[in-house]
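Residue-level structure breakdown
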Amino acid sequence: MRCLIVSDLHYSLAQYDWVLAVAGHFDLVIIAGDHLDLSSSVDWRAQTVVVKKYIDRIRAKTRLVTCSGNHDLDSRDASGEKVARWIRDFRHRDVPADDESFTIDGTLFTICPWWDGPVARERVGAQIAADALKPKRRWFWLYHAPPDNSPTSWTGQRHFGDTALSEWIEQYKPDIVFSGHVHQSPFAKGGSWVDRIGSTIIFNTGQSYGAPPAHIVLDTDIGEAVWISQAGVQSMRLDQALERPLPYLTRLPEWLTSPDREGDRIPA
């Protein structure tokens, strides 16, 4: 299964256009939260209308899965905690989203919403506990915030991760967690787009301006992930120990090809 992973697009239409253009080359597109930009001059309700149209167009080309981020919260639930109700509506568009789980080729995906308080946090914990009992060959989580005290949550000055996620990773040991939220992590000294906590691999694409967005291409059959950004390109093998610092590549791996960049050198 070949996956494209992005996060924190924050209503960048150029980045959504790029994702739409390349989506058909992948078996699955993963958008790990923060579709909207709350600092934009465009009203958030208008943003949701546009994003929903992109979601429909991307889904017409390939499978798509997403979760909410802190910028996506649009209402409050019965307990008074903020939720992204418009993201939950994606399930009616055949796009698995918050609070859902699904399986592809033996891989169970658990999609966790952004939690705003103790009630939602307990609901996420119950969701993970229930999915732990389901049969699966691999277990992947979508969870917008990365775990705390990880290079994937490092801003360059402090960690800005989720302590509850750290505890759940230690308890349940998923294979991969797809996250975002901390934009600077892959670019900051001491930060990274990838971490390994025990047997669990953590990905955070980071956030960049313009197209293409910082993104990860993961091929689960080949067992390799490649991070591509304006800062350069790095890769890691899923079946090998993570050694730092990860080198920057001068060529894309041979398996990672597309009509417009096959065999191209990567700028230093």
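Residues numbered from 1 in each chain as written. Predicted model: local features only at pLDDT ≥ 70, side-chain atom pairs only at ≥ 80, totals over all residues. Heavy atoms only, no water.

1. Quick notes on the overall build of the protein chain
A tally of regular secondary structure across the protein chain gives five helices and 14 strands. Radius of gyration (C-alpha) of the protein chain: 17 Å, near the 18 Å computed for a compact globule of 268 residues. Seen through its principal axes, the protein chain has C-alpha atoms that stretch 55 × 40 × 40 Å. In the protein chain, buried positions account for 54% of the 268 residues. Taking the intrachain contacts of the protein chain between residues at least 6 apart in sequence as the baseline, contacts between residues at least 24 apart amount to 64%. Working note: accessible area of the protein chain is about 11900 Å², and carbon and sulfur atoms make up 49% of it. Considering the protein chain, the positive charge centre built from 29 side chains and the negative charge centre built from 35 side chains are found 1 Å apart. (Helix = DSSP H or I, 4+ residues; strand = E, 2+ residues; numbered from the N terminus. Rg over C-alpha atoms; globule rule 2.2 N^0.38 Å. Buried < 20%, exposed > 50% of the residue type's maximum accessible area, 1.4 Å probe, protein only. Contact = heavy atoms within 4.5 Å. Areas by Shrake-Rupley, 256 points an atom, 1.4 Å probe, with all protein chains shown as cover. Lys, Arg positive; Asp, Glu negative; His and termini not counted. Charge placed at Lys NZ, Arg CZ, Asp CG, Glu CD.)

2. Looking at the environment of Trp-44
Looking at where Trp-44 falls in the secondary structure, it is placed in helix H2 (residues 44–59). Put simply, Trp-44 and Leu-73 are 29 residues apart on the chain and 9.9 Å apart in space, counted from C-alpha to C-alpha. The residues contacting Trp-44, other than those within four sequence positions of it, are Leu-36, Leu-38 and Asp-74.

3. A word on the sheet that holds strand S10 (residues 194–197)
Strands sit in the order S6-S7-S8-S9-S11-S10 across an open sheet of six strands; the sheet is mixed. The two strands at the open ends of the sheet, each matched to only one other strand, are strand S6 (101–104) and S10. The average undirected angle you get between the axes of adjacent strands in this sheet is 20°. Examined bridge by bridge, S6 and strand S7 (residues 107–111) share four bridges and lie antiparallel to one another. Bridge assignment links Phe-102 to a residue of S7, and that residue is Phe-109. Here helix H4 (residues 118–132) sits on the sheet and contacts S6, S7 and strand S8 (138–142); the angle it forms with S7, its principal contact strand, is near 170°. Packed onto the sheet, helix H5 (residues 163–172) meets S8, strand S9 (176–179), S10 and strand S11 (200–204) and runs at close to 175° relative to S8. (Pairing = 2+ DSSP bridges. Axes fitted to C-alpha atoms, helices over the stretch in contact; angles between N-to-C directions.)

4. Topic: the sheet that holds strand S3 (residues 63–66)
With mixed pairing, six strands are arranged side by side in an open sheet as S3-S2-S1-S12-S13-S14. Edge positions in the sheet fall to S3 and strand S14 (232–237), since each has one partner strand and no second. Across the sheet, the mean angle from the axis of one strand to that of its neighbour is 20°, orientation sign disregarded. Of the pairings in the sheet, the one linking strand S2 (residues 28–31) to S3 comprises four bridges and is parallel in character. When the bridges of S3 are listed, Val-29 appears paired with Leu-64. Contacts from H2 reach S2 and S3, with the element oriented near 140° to S3.

5. Quick word on the environment of Asp-72
Tracing the sequence through the fold places Asp-72 in the loop between S3 and strand S4 (75–76). On the basis of relative accessible area, Asp-72 is assigned to the buried category, the value being 0%. The contacts of Asp-72, once residues within four sequence positions are left out, are Gly-33, Asp-34, His-35, Leu-36, Cys-67, Ala-84, Trp-86 and Ile-87. In terms of polar contacts, Asp-72 uses its side chain to reach the backbone amide nitrogen of His-35, at 2.9 Å. Of the polar contacts made by the side chain of Asp-72, one reaches the backbone nitrogen of Gly-69; its length is 2.9 Å. (Polar contact = N/O pair within 3.5 Å; in protein donor to acceptor, adjacent residues only side chain to side chain.)

6. Examining unusual backbone geometry
Here the amide bond leading from Ala-211 into Pro-212 is cis, since omega sits at -5°, within 30 degrees of zero. Note that Pro-212 resides in the loop between S11 and strand S12 (215–219). Here the bond from Arg-244 into Pro-245 is cis, since omega is 0°, no more than 30 degrees from zero. By the element assignment, Pro-245 lies in the segment after S14. Not every positive phi belongs to a glycine, and Asp-8 is a case in point at roughly 55°. Tracing the sequence through the fold places Asp-8 in the loop between strand S1 (2–6) and helix H1 (13–22). Positive phi, normally seen in glycine, also occurs at Tyr-11, with a value near 60°. Of note, Tyr-11 is situated in the loop between S1 and H1.

7. Some details on the pairing of S9
Going residue by residue along S9, you find Ile-176 and Phe-178 tucked away on one face and Val-177 and Ser-179 tucked away on the opposite face as well. Sheet topology note: the S8/S9 ladder contains three bridges and is parallel. The residue bridging Leu-142 from the neighbouring strand is Phe-178, located in S9. As defined by bridge partners, S9 adjoins S11 across four bridges and the pair is classed as parallel. When the sheet's bridge partners are listed, Val-177 is paired in S11 with Ile-202.

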